[in-house]
Structure formats: C-alpha cells, structure tokens
Amino acid sequence: MPETLMPADVVEAAAVVEAALRPVVGRDWSVRAGPLDWDVEQTVTHMIGAAAKYTLYLASRCEHFIGLSVMRWPDATNEEVINSVVPVAAGLAAVAAVTPPVVRAYHVTGPSSAADYIGRACVELLVHTDDALSGLDVAFAPPADLCRRVLAQQFPDAPDLHNAWHGLLAATGRPLR
C-alpha cells in the first residue's frame, strides 16, 4: 500500500518553498520559469492558487468544476506573495485534517480525497518552485524524505532513480539540472 501524505506534509513543503523563494524576492520575476511558458511570477502565483483552489474544493466537497481562478492581488509585492505560501498550505492542511477519508471532491483527473489534494499541492509547490528558481538560475533541493514520500504517493510507479527529488522531477516531465 502506498504511503499516505499527512496534512503537516503540505505545510512542510510550503515552509521549504517560502525559504527558497525569500532570497529571490527582489529579483526580476518577469523572466521565464525554467522549462515553462510562464514567467516566474505566473508560476509562483499558479502554485499558490492551486493549493487555494484545492482547499476550496475539499472544504466545499464540491463534485463539479468551480469556474473561478485564484490570482495575485494586483498591488501585491513579491514579499507579500511569498508570505502567502505557508498560510495557504496551512488552510489546506486544516481542511484536510478534518475531512473524513471517504470524502471525495472534484479534480479534473477524477474525484479526489484529502490525501490526494495534499499530495497534489506538495507536487505543485515543490516542482513549480524548481521551475521558478531555475528561471532565476538558482538551485533548489527540497528535503529528500519529503520528496520520497511525495513521489511514493503521487507517482508509485515512477522508476527508482536513487534520488527522490530527481524522481519527482522526472515524473513531472522536468529536465534534471
């Protein structure tokens, strides 16, 4: 049986992301985010917005698509955006912690549990942080144990690369740097 991520795991991932983004707060976020067509700002906004939307689906137990998006506040500074990562993850963690395991909510890939959303949010946060930082030519290496747990839950059939972070990057179609 694959390992199940816990609500605290998404908060841990968010804290890692926040710490990694803080040194680039004053950099130009309009540059392309690594292999993506988005720039750094769009990528960071997307990953935070995805976690917020996961929270909305899970809290509402909505079984259909919600036609709203979560965007960066127009006047928000990069620092304010970075300061949003952990609270958004904490919101998802809080909702996931009180959601019974049998509950399912909408996701484009199919009905999803709280553990599914926790795993998806960890992938979004970790992989998109790497995308953003690679666009700024900054290395990112999240904790191996967290990467191992995320990879085991979200990509249980991924090949063993003897490096869970590289495995997670490969499973999401990212080039190894």
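Scope of this entry: the structure provided in the associated data block. (Residues numbered from 1 in each chain as written. Predicted model: local features only at pLDDT ≥ 70, side-chain atom pairs only at ≥ 80, totals over all residues. Heavy atoms only, no water.)

### Section: the overall build of the protein
So, point 1. If you tally the helices and strands in the protein, you get 7 helices and 0 strands.
So, point 2. Each principal axis of the C-alpha atoms in the protein carries an extent, and together these give about 45 × 40 × 25 Å.
So, point 3. Relative to its 177 residues, the protein shows a buried fraction of 47%.
So, point 4. Counted over contacts in the protein with a minimum sequence separation of 6, partners at least 24 positions apart contribute 73%. (Helix = DSSP H or I, 4+ residues; strand = E, 2+ residues; numbered from the N terminus. Buried < 20%, exposed > 50% of the residue type's maximum accessible area, 1.4 Å probe, protein only. Contact = heavy atoms within 4.5 Å.)

### Regarding the side chain of Arg-174
So, point 1. Considering the arrangement of structural elements, one finds Arg-174 in the segment after α7 (164–171).
So, point 2. Owing to a relative accessible area of 17%, Arg-174 belongs among the buried residues under this scheme.
So, point 3. Only 2.8 Å separates the side chain of Arg-174 from the side chain of Asp-131, close enough to count as a polar contact.
So, point 4. With sequence-adjacent residues up to four places away left out, Arg-174 is seen in contact with Pro-35, Leu-36, Val-127, His-128, Asp-131 and Leu-169. (Polar contact = N/O pair within 3.5 Å; in protein donor to acceptor, adjacent residues only side chain to side chain.)

### Here's the deal with the nonpolar core
So, point 1. The biggest cluster of nonpolar side chains holds 53 residues, and the ones touching the most others in it are Val-10, Val-44 and Leu-126.
So, point 2. Breaking this core down by element, the ones donating at least two residues are α1 (7–21), α2 (40–60), α3 (78–82), α4 (85–97), α5 (114–135), α6 (144–154) and α7.
So, point 3. A total of 11 residues in this core trace back to one element, the largest contributor, which is α5.
So, point 4. With near-sequence residues (within four places) excluded, Val-44 lies in contact with Leu-21, Trp-29, Val-81 and Ala-132. (Core = buried A, V, L, I, M, F, W, Y, C linked by side-chain atoms within 4.5 Å.)

### Considering the layout of surface pockets
So, point 1. Its boundaries defined by the atoms lining it, the largest pocket holds a volume of some 330 Å³.
So, point 2. Lining the largest pocket we find 16 residues, and of these His-46, Gly-49, Ala-50, Lys-53 and Tyr-54 sit closest to its centre.
So, point 3. If you list the elements that add at least two residues to the lining of the largest pocket, you get α2 and α5.
So, point 4. In terms of residue count, α2 provides more of the lining of the largest pocket than any other element does, 7 residues in total. (1 Å grid on protein atoms, 1.4 Å probe; cavity = no way out; pocket = protein on both sides within 12 Å on 5 of 7 lines; lining within 4 Å. Points joined across faces, edges and corners; volume = space filled by probe spheres on them.)

### Considerations on the pattern of salt bridges
So, point 1. Applying the stated criterion across every chain yields a total of 8 salt bridges.
So, point 2. For Glu-41, the salt bridge goes to Arg-72, with nearest N and O atoms at 3.8 Å. Of this pair, Glu-41 sits in helix α2 while Arg-72 is found in the loop between α2 and α3, placing the two residues 31 residues apart along the sequence.
So, point 3. Classification of Glu-41 by relative accessible area gives partly exposed; the value is 32%. (Salt bridge = Lys/Arg side-chain N within 4 Å of Asp/Glu carboxyl O.)

### A few points about unusual backbone geometry
So, point 1. In this structure, Arg-61 is a non-glycine residue whose phi angle is positive, near 55 degrees.
So, point 2. Looking at the element boundaries, Arg-61 is found in the loop between α2 and α3.
So, point 3. Phi is positive for Asp-137, close to 60 degrees, though the residue is something other than glycine.
So, point 4. Assignment of secondary structure puts Asp-137 in the loop between α5 and α6.
So, point 5. Taking the relative accessible area as the measure of exposure, Asp-137 reaches 70% and is therefore exposed.

### A word on the side chain of His-107
So, point 1. Along the polypeptide, His-107 turns up in the loop between α4 and α5.
So, point 2. Within the local environment of His-107, its side chain forms a polar contact with the side chain of Thr-109, the two groups lying 2.9 Å apart.
So, point 3. Not counting residues up to four positions away in its chain, the partners in contact with His-107 are Tyr-54, Ser-112, Tyr-117 and Arg-120.

### Thoughts on the environment of His-46
So, point 1. Relative to the elements of secondary structure, His-46 occurs in helix α2.
So, point 2. Put simply, His-46 and Met-71 are 25 residues apart on the chain and 7.6 Å apart in space, counted from C-alpha to C-alpha.

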